[in-house]
Each structure stands twice: as structure tokens, then as C-alpha cells.
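Examining the three-dimensional arrangement
In case you want the letters, here they are:
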Amino acid sequence: MQQPSLSPGNPLLETERLVLRKLTANDVGDVFKYCSDEEISKYTTWHSHQTIEDSRQFVDHVLGLYEQNNLAPWGIEHKETGAVIGTVGFVYWHPKQARAELAYALSRAYWNKGLMSEAAGKVVRFGFEAMQLVRIEARCHLLNIGSSRVMEKCGMEFEGILRKHIFVKGKFEDLKLYAIIHEDNASAHEGGWR
């Protein structure tokens, strides 16, 4: 299925400890700090950034997505430090099916503090409230326990294992599938209000 050409936008979102905002060209250094860490990219589809230019290309790509009004991640800014410590957002959105897929990455220095659950939870609420989604799903590598915990803390339920679901870094990988459903939105959609 084709990604829609329009996105719900990336309005500024705020939590107790975080600001979710659009990335800017000034964030390249922060992005490199966490994207160059091999522990961060271990279970992702992307390789760790080897140079600052890798991070610049990523940020430029995201800026292009913003300009074209396509789906793009929010930068996660830590209020206390002002640093961008990760990204979170929808990587897939099917408006007709009212379904989207959530993905995220977070600097290892900020793991195990509940920050990603805080950021992802805010995006899930945005998806249900602003986008009127019925289903939000997320996937992770079988060994990515931290990501599984984030999904569970966001209210997602484990639905099963997608066997040999993705070819990444030279091999096929199994992925865990999690999802959360908004029943009221489902009823509204089924009632034909769209």
C-alpha cells in the first residue's frame, strides 16, 4: 500500500520532561551522538552513523519530508538539557484503514528512565485524538526487550511473531508485533462518519 502524500503534521507536543518537535539543521550534532552508537542501531533497519555527514543526510531527509508534508518523525528534546535525544513518530499511515505504525530511537544515555514510554505514549494519544486512528501498531526484534517494554507501557498488546518478516543487514529477521486499539474510534468509523 502506498504511503499517503499528506501527513497529520508534526505539531509541537509536550510531556512532563520532553518536547516533541520538528528536527532542524542545528540538531545534526545531537543526532550523531546517539545514531553513531552501535547499541542504538543494533535492532534497527539502519546502520550506525559513521560520520557527522551520515547524520546530516538523515536530518536533511527528514527536513525534506516536513517540506513535502509527508510522514516524518518528531525530534525528542530533553527539557532539562535542551538536547535532541531521539526520534519518535509514525513510519506508516493508512488513513482509510485508520491504522499507523509507530517507531522510535533513543540515546542510550537516557534508557531505563521512562522517557521513551513518555514520548511514545504522547504520540499514541495524538494518533487517536488528532488522527482518529483505530489501530496503532509497532514491531521490534525478538531480542529487543527494551522496545517491547516501551510498547507494553504504551498500552500495546503482544499479537504474535512475524516470522522472517524483514530482510535487514543481510539476513531475514523475525519481529514481535504489538498493537493498541481505540474502540470508540472504531465505532465512529463503522458508523460512517468519515
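Scroll up for the structure.
Described in the following lines is the structure provided in the data block. Given the structure is predicted, the values throughout are model-derived calculations rather than measurements. (Residues numbered from 1 in each chain as written. Predicted model: local features only at pLDDT ≥ 70, side-chain atom pairs only at ≥ 80, totals over all residues. Heavy atoms only, no water.)

What about the overall build of the protein?
- Looking only at helices and strands, the protein has six helices and eight strands in total.
- Relative to the globule expectation of 16 Å for 194 residues, the C-alpha radius of gyration of the protein, 16 Å, shows essentially globular dimensions.
- Projected onto the principal axes, the alpha-carbon positions of the protein cover approximately 50 × 35 × 30 Å.
- Among the 194 residues that make up the protein, the fraction classed as buried is 51%.
- Considering only residue pairs separated by 6 or more positions, the protein has 62% of its internal contacts joining residues 24 or more positions apart.
- Accessible area of the protein: about 10,400 Å², with a carbon and sulfur share of 50%.
- Measuring between centres, the 23 positive side-chain charges of the protein sit 3 Å from its 25 negative side-chain charges. (Helix = DSSP H or I, 4+ residues; strand = E, 2+ residues; numbered from the N terminus. Rg over C-alpha atoms; globule rule 2.2 N^0.38 Å. Buried < 20%, exposed > 50% of the residue type's maximum accessible area, 1.4 Å probe, protein only. Contact = heavy atoms within 4.5 Å. Areas by Shrake-Rupley, 256 points an atom, 1.4 Å probe, with all protein chains shown as cover. Lys, Arg positive; Asp, Glu negative; His and termini not counted. Charge placed at Lys NZ, Arg CZ, Asp CG, Glu CD.)

Some points on the pairing of strand 7 (residues 157–168)
- As defined by bridge partners, strand 7 adjoins strand 8 (residues 171–181) across eight bridges and the pair is classed as antiparallel. What sits directly across from Phe158, in strand 8, is Tyr178.
- The turn linking strand 7 back onto strand 8 is made up of two residues, and Lys169 within it adopts a positive phi angle of 55 degrees. (Pairing = 2+ DSSP bridges.)

Comments concerning helix 3 (residues 52–67)
- With 16 residues, helix 3 extends 22 Å from end C-alpha to end C-alpha; this agrees with the ideal 22 Å at 1.5 Å per step.
- Among all positions in helix 3, only Ser55, Val59, Val62, Leu63, Gly64, Leu65 and Tyr66 are buried.
- On its buried side, helix 3 packs onto strand 2 (18–21), helix 1 (28–35) and strand 3 (74–78).
- Looking one or two residues beyond helix 3, the residue adopting positive phi is Asn69, at roughly 60 degrees. (Expected span 1.5 Å × (residues − 1).)

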